[in-house]
Amino acid sequence: MMKIKKLTTLLIGVIIITCPLFAQNEKGDISLGADLMSRYIWRGTQFSTGPVIQPGIEYSKGSFTIGAWGSYSFDGNNDGAEADIYVSYRFADDLFTVSLTDYFFPNDQIAANNSYFDFKKESTGHILEGSIAFNGTKSFPISIMAAMNFWGADQDANGDQQYSLYIELGHSFTYKDVNIDLFAGFTPIDADEDKGESGFYGDTAGFVNLGFTASKEVAITEKFSLPLSASVIANPMSENLFLVFGVSF
């Protein structure tokens, strides 16, 4: 139990440690906004069957960033509901980024109840994830990100932590005035091969998130433009295909 409590307080500890860095004389930047999406697809998995609004707020200073992000369905139920808090740090001249994210899913299909302050292993709706990303360079314009769930609602039928791992390759470029982001995400074989599971992302090893996102800003007036995006996302493991449209504010 003591080990579990230490894990669940890790994110709070990181936030407390980094707060003095943000409180120094040099001011940071605050950004806020929201996306309206036709549905919520994340890493090849469908989290909502209808439109969602996804608000976010972020504070950054130097190499540190702290933020909150959420997703809520238009019909007001828990379909696609999520509330996350994250901390990230860029280093080596922004070549790498490490992140710690607390995902919270107030959904009865994941948690026994939707209490945000429930940190019991058998009923929590939280998942803690650690990730590291190589952001690419001009000579090697490929990003590589690896993320692992290390505590929370990502458990097998016996209540054991699955330590689900997700790895994604990405490449971005511009075609005329349209930004194109290519991505290929997969999950490797689960550490316990006897279970035949890979955890959160699927039952076996394989690709779960293949596709691209096209985005551009459409001028509404001389001083106002609207960012639009469209994504084609395939999940070979679940044999599914998604087309998603979004508007950002």
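Placed above this text is the structure.
It should be emphasised that the depicted structure is a prediction, and the values quoted were computed from it without experimental measurement. (Residues numbered from 1 in each chain as written. Predicted model: local features only at pLDDT ≥ 70, side-chain atom pairs only at ≥ 80, totals over all residues. Heavy atoms only, no water.)

### What to know about the overall build of the chain
Inclusion rule: Here a helix means four or more residues in a row that DSSP labels H or I, a strand means two or more in a row labelled E, and each is numbered from the N terminus. The rule is simple: take the accessible area with a 1.4 Å probe, protein chains only, and divide by the maximum for that residue type; under 20% is buried, over 50% is exposed, in between is partly exposed. Residues are treated as being in contact if the distance between any of their heavy atoms lies within 4.5 Å. Note on areas: Shrake-Rupley, 1.4 Å probe, and residue coverage restricted to the protein chains presented here.
Helices and strands together make up the secondary structure of the chain, namely two helices and 14 strands. Put simply, the chain has 249 residues, and 37% of those count as buried. For the chain, the share of sequence-separated contacts (at least 6 apart) that also reach a separation of at least 24 residues comes to 46%. Of the accessible surface of the chain, which amounts to about 14,200 Å², a share of 60% is contributed by carbon and sulfur atoms.

### Structural notes on a nonpolar patch on the surface
As a reminder, the rule being used: Grouping into patches uses exposed residues only, defined as over 30% relative accessible area, and leaves out salt-bridged ones; the cut-off is 9 Å for like charges and 5 Å for nonpolar side chains (Val, Leu, Ile, Met, Phe, Trp, Tyr). Salt bridge, as used here: a side-chain nitrogen of Lys or Arg that lies within 4 Å of a carboxyl oxygen of Asp or Glu.
Together, Leu36, Ile53, Tyr72, Phe74 and Phe249 make up an exposed nonpolar region whose accessible area comes to about 500 Å². Here Phe249 lies in the segment after β14 (240–248).

### A word on the packing of aromatic side chains
Basically, it comes down to this: A pair of aromatic rings is counted whenever rings of Phe, Tyr or Trp (Trp by its six-membered ring) have centres within 6.5 Å, and the orientation is called stacked for planes under 30 degrees apart, edge-to-face for over 60 and tilted otherwise.
All chains considered together, the criterion is met by 19 aromatic pairs. On the basis of an interplanar angle of 75 degrees and a centroid distance of 6.3 Å, the ring pair of Trp42 and Phe200 is categorised as edge-to-face. Separated by 158 residues along the polypeptide, Trp42 in strand β2 (residues 41–42) and Phe200 in the loop between β11 (178–187) and β12 (206–219) bring together distant segments of the chain. On the basis of relative accessibility, which here comes to 22%, the residue Phe200 falls in the partly exposed class. Ring centres of Phe104 and Tyr116 lie 4.8 Å apart, and the angle between their planes is 70 degrees; on these two criteria the pair is classed as edge-to-face. Linking Phe104 in strand β7 (residues 96–104) with Tyr116 in the loop between β7 and β8 (126–134), this pair joins segments that are twelve residues apart in sequence. What makes Phe104 buried here is its relative accessible area of 5%.

### Let's talk about the sheet that holds β7
The cut-off we apply is this: Each pair of strands is called paired provided DSSP finds at least two bridges between the two strands. Comment: axis = line fitted to C-alpha atoms, over the contacting stretch for helices; angle = value between 0 and 180 degrees taken between N-to-C directions.
Taken in spatial order, the twelve strands close into a barrel running β1-β4-β5-β6-β7-β8-β9-β10-β11-β12-β13-β14, and their pairing is antiparallel. Ignoring which end each strand starts from, the neighbouring axes of this sheet average 20 degrees apart. As paired strands, strand β13 (residues 225–235) and β14 are joined by eight bridges and run antiparallel to one another. Paired with Ser231 across the two strands is Val244, which belongs to β14.

### A few points about the environment of Met37
Inspection of the secondary structure puts Met37 in strand β1 (residues 29–37). Residue Met37 is classed as buried on the basis of its relative accessible area, which comes to 17%. Once the C-alpha coordinates of Met37 and Ser73 are considered, the two residues, 36 residues apart in sequence, prove to be 9.6 Å apart. Discounting chain neighbours no more than four positions away, the residues touching Met37 are Pro51, Val52, Gln54, Ser229, Val244, Phe245 and Gly246.

### Points about the side chain of Thr187
Applied cut-off: Contacts described as polar in this section are N or O atom pairs within 3.5 Å, which, within protein, must combine one atom able to donate a hydrogen with one able to accept it, while residues neighboring in sequence count only if both atoms come from side chains.
The topology assignment puts Thr187 in strand β11. At 2.9 Å, the side chain of Thr187 and the backbone oxygen of Leu165 are in polar contact.

### Considering the environment of Gly152
Turning to its location among the elements, Gly152 is positioned in strand β9 (residues 143–152). Sequence separation between Gly152 and His126 is 26 residues; the distance between their C-alpha atoms is 5.4 Å. Leaving out residues up to four positions away in the same chain, Gly152 has contacts with Thr124, His126, Ile127 and Gln161.

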